[in-house]
Amino acid sequence: MNPVVARLERFERGLVLAENTLAAAALLGILFVSLAEITARNFFHSGVPGADMAMRHLVLWVAFLGAVLAVREQRHIKIDVLTVWMPDAWLAKLARPFNFFSALICGLLGWAAVHFWLVEWQTVPPDEKWATVLAAILPVSFFLLVIHFVLLGLIGRRPPRHNSQ
Amino acid sequence: MITVVVLLLMLLALLGVPLFVSLGAGSLLAVWQDNLDPAVLVVEMMRLASSPNLMAIPLFTLTGVVLSGGGAAQRQIRLFNALFGWMPAGLAVVSVASCAFFTAFSGASGVTILALGGLLYTMLKREGYGERFSLGLVTSSGSIGLLFPPSLVVLLYGIVAGVSIEQLFMAGIVPGILLLVLLSLYCMIKGATFNIQRQIFSWAEVGSALRAGIWDVFMPIGIIGGMLGGYITVTEAATLAAAYALLLELVIHRTIHPFTQLPRLLKECAILVGSIIIILSVAMGLTNLLIDIQLPMKVLAMMEHTVTDKLHFLLLLNVFLLAVGFVMDIFSAIVVVVPLILPLAHRFGVDPVHLGIVFLANLEIGYLHPPIGLNLFLASQRFGEPIMKLFRAVLPFLGIMLIWLMVLTYVPEMSLWWRKPG
């Protein structure tokens, strides 16, 4: 294997491990916070402070990190109807430009997310700053998506034949 | 110029660019066209987080992934087979019931065919059912059960359309059961032509299967009873179901190792959730912009010349949604199409809950027809058969489902029977 590609793949694996760990922690976090909230409400007639806000943001963590993980596994939902009739060679040729195009769009959305986040950070009351920290997952995920699409393009991994979920 | 770019984006989507990328590009184009700050798209994404039922999506997905990974499907087949396998065409009916039950939990991700398909197909052929019938049954059963709690697509529809999820689940019960009954009747009629030896009922096997599968049975009873009885909310049901599934597979059955297998399942869950919610989040910006430019109203103005009443509208809707099913999977269709057709349905007096059932039923059928019927592809991979052979095999089942669709479309009472008049 080309040593540059091997290095890129090693970097990708490390990144995926970190993203995977964070996504799993966020998922279990939702479950535990929600269980704590149900217990507190039903047995102690109270609630866990900030639980609702934390869970809503943790859902974004699971979802956006999951979307990042889906890039490497090439499992994003596609409506690739035309590919059914296309030869493998054409698909392989299109994969690289499509990955770079995807990276470009994610970069633009990420840029918008950074702007949004900075405004939020400056305007949010001090006691809600922690939620804004959690909301940083949006810009961070879009830039992780950029990295993964670029890596996919550079490594040149072939898309699966049909992949609607 | 804009039209050319939009057509180009559609072409890219059809050629295999991830749907969220095409929709994201369309959203960016729309905000630039309107001289808006692209940050409005992120505002829409954040608004998604405030949806009270969104949390149920990862938790119900986790439930399905854990149950699937822990072998709940096999326990279920064994239990249903012990209880009902002695009936005429018992195994075929058991296949329909098991798949419906499992699809409701595993969502519309095609897991049913992967988890149950191989086992059921082998069992059906061993008992003497024809190859084409067995293939058709297993392939088409992979999407039935989508209307039963805690189906992910019902949740997603409720979130996108802003409709009560409890009401949607209530509305899906009778149509869902009707489909099971229709398919089971067909299985019994067709099964009689195969000269199959009936299974002997065994109390010992029922006892043994019950010991293995009784814990699984409590879950749907708890979810359906709790949610529809109004004792727990959708998110509470999702939390309790996920916790119960983990307890079942990690502690009671010990089929999933917490350190070697659970991380893989958590990742699988995150990927499934991520690939759906990212479409939802980027599409919200685009669809809101389309609504801002009054696209549905313009379509409505065009339709008002030709469409005269509710039935006419529903007929057109069925044709349109079946066409949508040709090119879009159910998740994308809910996110992209629902916000656009809701105002039209409202104008023609279609109840949004009934619309949800009609919408999901149409897309359920979309799983079975080319060119991108997901179940056809999964079954093709799983059984190593060509798509067209599978399509021919599912044709009778598809026919039954189309009749079912007509009935539930034109008899709204089937979905709304529980609603008090007035």
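For clarity, every value in this text was computed on a predicted model and none was experimentally measured. (Residues numbered from 1 in each chain as written. Chains lettered and ligands numbered in written order. Predicted model: local features only at pLDDT ≥ 70, side-chain atom pairs only at ≥ 80, totals over all residues. Heavy atoms only, no water.)

Re the overall build of chain A
Line of reasoning, step 1. Across its full length, chain A carries 5 helices and 0 strands.
Line of reasoning, step 2. Moving toward the C terminus, one meets the helices and strands of chain A in the order α-α-α-α-α.
Line of reasoning, step 3. Over its C-alpha atoms chain A spans a radius of gyration of 19 Å, topping by over 25% the 15 Å that the globule rule assigns to 165 residues.
Line of reasoning, step 4. Oriented by its inertia axes, the alpha-carbon framework of chain A measures out at about 65 × 35 × 35 Å.
Line of reasoning, step 5. Across the 165 residues in chain A, those meeting the buried criterion constitute 53%.
Line of reasoning, step 6. Within chain A, contacts between residues separated by at least 24 positions form 85% of all contacts whose residues are at least 6 apart in sequence.
Line of reasoning, step 7. A total accessible area of about 7,900 Å² is found for chain A, and carbon and sulfur atoms account for 70% of it. (Helix = DSSP H or I, 4+ residues; strand = E, 2+ residues; numbered from the N terminus. Rg over C-alpha atoms; globule rule 2.2 N^0.38 Å. Buried < 20%, exposed > 50% of the residue type's maximum accessible area, 1.4 Å probe, protein only. Contact = heavy atoms within 4.5 Å. Areas by Shrake-Rupley, 256 points an atom, 1.4 Å probe, with all protein chains shown as cover.)

Some words on the overall build of chain B
Line of reasoning, step 1. Along chain B, the regular secondary structure elements total 20 helices and 0 strands.
Line of reasoning, step 2. The burial tally for chain B puts 61% of its 422 residues in the buried class.
Line of reasoning, step 3. Sequence-distant contacts in chain B: of pairs separated by 6 or more residues, those separated by 24 or more amount to 79%.
Line of reasoning, step 4. When the accessible surface of chain B is summed, it comes to about 16,100 Å², and 69% of that surface belongs to carbon and sulfur atoms.
Line of reasoning, step 5. Computing the positive centroid from 20 side-chain charges and the negative centroid from 19, chain B places the two 11 Å apart. (Lys, Arg positive; Asp, Glu negative; His and termini not counted. Charge placed at Lys NZ, Arg CZ, Asp CG, Glu CD.)

Focus on unusual backbone geometry
Residues and elements named next belong to chain B.
Line of reasoning, step 1. Here the amide bond leading from Pro149 into Pro150 is cis, since omega sits at 0 degrees, within 30 degrees of zero.
Line of reasoning, step 2. On the secondary structure map, Pro150 appears in the loop between helix H8 (131-141) and helix H9 (152-161).
Line of reasoning, step 3. Here the phi dihedral of Asn35 falls at roughly 55 degrees; this positive angle occurs in a residue that is not glycine.
Line of reasoning, step 4. Looking at the element boundaries, Asn35 is found in the loop between helix H2 (19-33) and helix H3 (39-49).
Line of reasoning, step 5. Despite not being glycine, Arg254 has its phi angle at roughly 50 degrees, a positive value.

So, the pattern of salt bridges
Line of reasoning, step 1. The full count for this structure, using the stated rule, is 16 salt bridges over all chains.
Line of reasoning, step 2. A salt bridge links Glu73 of chain A to Arg75 of chain A; its shortest N-O distance comes to 3.8 Å.
Line of reasoning, step 3. Classification of Glu73 of chain A as partly exposed rests on a relative accessible area of 31%.
Line of reasoning, step 4. Among the residues examined, Arg75 of chain A registers a relative accessible area of 19% and is labelled buried.
Line of reasoning, step 5. Put simply, Glu44 of chain B and Arg47 of chain B hold a salt bridge, and the shortest N to O gap is 2.9 Å. Of this pair, Glu44 of chain B and Arg47 of chain B both sit in helix H3, separated by 3 residues, roughly a single helical turn. (Salt bridge = Lys/Arg side-chain N within 4 Å of Asp/Glu carboxyl O.)

Overview of the confidence of the model for chain A
Line of reasoning, step 1. Looking at chain A as a whole, its pLDDT mean stands at 91, while 97% of the residues score no less than 70.
Line of reasoning, step 2. Averaged pLDDT values over the elements of chain A bottom out at 93 in helix H4 (residues 129-135) of chain A and peak at 96 in helix H5 (residues 137-155) of chain A. (pLDDT = per-residue confidence, 0-100.)

Some thoughts on a nonpolar patch on the surface
Line of reasoning, step 1. On the surface, Trp215, Phe218, Ile221, Leu247, Val251 and Ile252 of chain B cluster together into a nonpolar patch covering about 540 Å² of accessible area.
Line of reasoning, step 2. Following the sequence through the fold, Phe218 of chain B ends up in helix H11 (residues 203-228). (Patch = residues over 30% accessible without salt bridge, like charges linked within 9 Å, V, L, I, M, F, W, Y side chains within 5 Å.)

A closer look at the interface of chain B and chain A
Line of reasoning, step 1. Listed as interface residues are 64 residues of chain B and, on the opposing side, 56 residues of chain A.
Line of reasoning, step 2. Around 5,400 Å² of area is buried between chain B and chain A when both sides are counted, 81% of it from carbon and sulfur atoms.
Line of reasoning, step 3. Along the contact surface separating chain B from chain A lie 3 salt bridges.
Line of reasoning, step 4. Notably, a salt bridge pairs Arg41 of chain A with Glu236 of chain B, separated by 2.4 Å at the nearest N-O pair.
Line of reasoning, step 5. When residues of the side of chain B that touches chain A are traced back to their parent elements, those giving at least two are helix H1 (2-15), H2, H3, helix H4 (56-69), helix H12 (234-252), helix H13 (262-292), helix H16 (330-347) and helix H18 (374-383) of chain B.
Line of reasoning, step 6. When grouped by side-chain class, the residues that make up the side of chain B that touches chain A number 51 nonpolar, 9 polar and 4 charged. (Buried area = accessible area lost by both parts, 1.4 Å probe. Nonpolar A, V, L, I, M, F, W, Y, C, P; charged D, E, K, R; others polar.)

Details of the nonpolar core
Line of reasoning, step 1. Phe60, Tyr157 and Phe359 of chain B are the most contacted members of the largest nonpolar core, which has 208 residues in total.
Line of reasoning, step 2. Per-element tally for this core: the top contributor is H13 of chain B, with 17 residues. (Core = buried A, V, L, I, M, F, W, Y, C linked by side-chain atoms within 4.5 Å.)

Describing helix H17 (residues 352-366) of chain B
Every α-helical turn comprises 3.6 residues, leaving residues that sit three or four positions apart pointing alike.
Line of reasoning, step 1. If you check H17 of chain B, its first and last C-alpha atoms are 21 Å apart, about what 15 residues at 1.5 Å a residue would give, namely 21 Å.
Line of reasoning, step 2. Most of H17 of chain B sits out of view: 14 of its 15 residues are buried. (Expected span 1.5 Å × (residues − 1).)

Focus on the packing of aromatic side chains
Line of reasoning, step 1. According to the stated counting rule, one finds 17 aromatic pairs over all chains in the structure shown.
Line of reasoning, step 2. Aromatic pair Phe133 of chain B and Phe194 of chain B: ring centres 5.5 Å apart, planes at 55 degrees, arrangement tilted. Taken together, the residues span a long stretch of sequence, with Phe133 of chain B in helix H8 and Phe194 of chain B in the loop between helix H10 (165-191) and H11 at a distance of 61 residues.
Line of reasoning, step 3. On the basis of relative accessibility, which here comes to 22%, the residue Phe194 of chain B falls in the partly exposed class.
Line of reasoning, step 4. Three or more aromatic residues link up through ring pairs in this structure, and these residues are Tyr129, Phe133, Tyr186, Phe194 and Phe397 of chain B.
Line of reasoning, step 5. Across the ring face of Trp121 of chain A, the terminal group of Lys129 of chain A is positioned such that the distance to the ring centre comes to 4.4 Å. (Phe/Tyr/Trp six-rings, centres within 6.5 Å; stacked < 30°, edge-to-face > 60°. Lys NZ or Arg CZ within 6 Å of the ring centre and 35° of its normal.)

Here's the deal with the packing of H9 of chain B against H10 of chain B
All names here are of chain B.
Line of reasoning, step 1. In the contact formed by H9 and H10, the axes pass within 9 Å of each other and the chain directions differ by 135 degrees. Put simply, H9 runs oblique to H10. Both H9 and H10 take part in a crossing whose hand is right-handed. Between H9, through Val154, Leu155, Tyr157, Gly158 and Ile159, and H10, the contact on the second element is made entirely by Ile165, Leu168 and Phe169.
Line of reasoning, step 2. Residues of the contact of H9 with H10, tallied by class, amount to 7 nonpolar, 1 polar and no charged. (Axes fitted to C-alpha atoms, helices over the stretch in contact; angles between N-to-C directions. Parallel < 35°, antiparallel > 145°, perpendicular 65-115°, else oblique. Left-handed = near helix turned anticlockwise from the far one by under 90°.)

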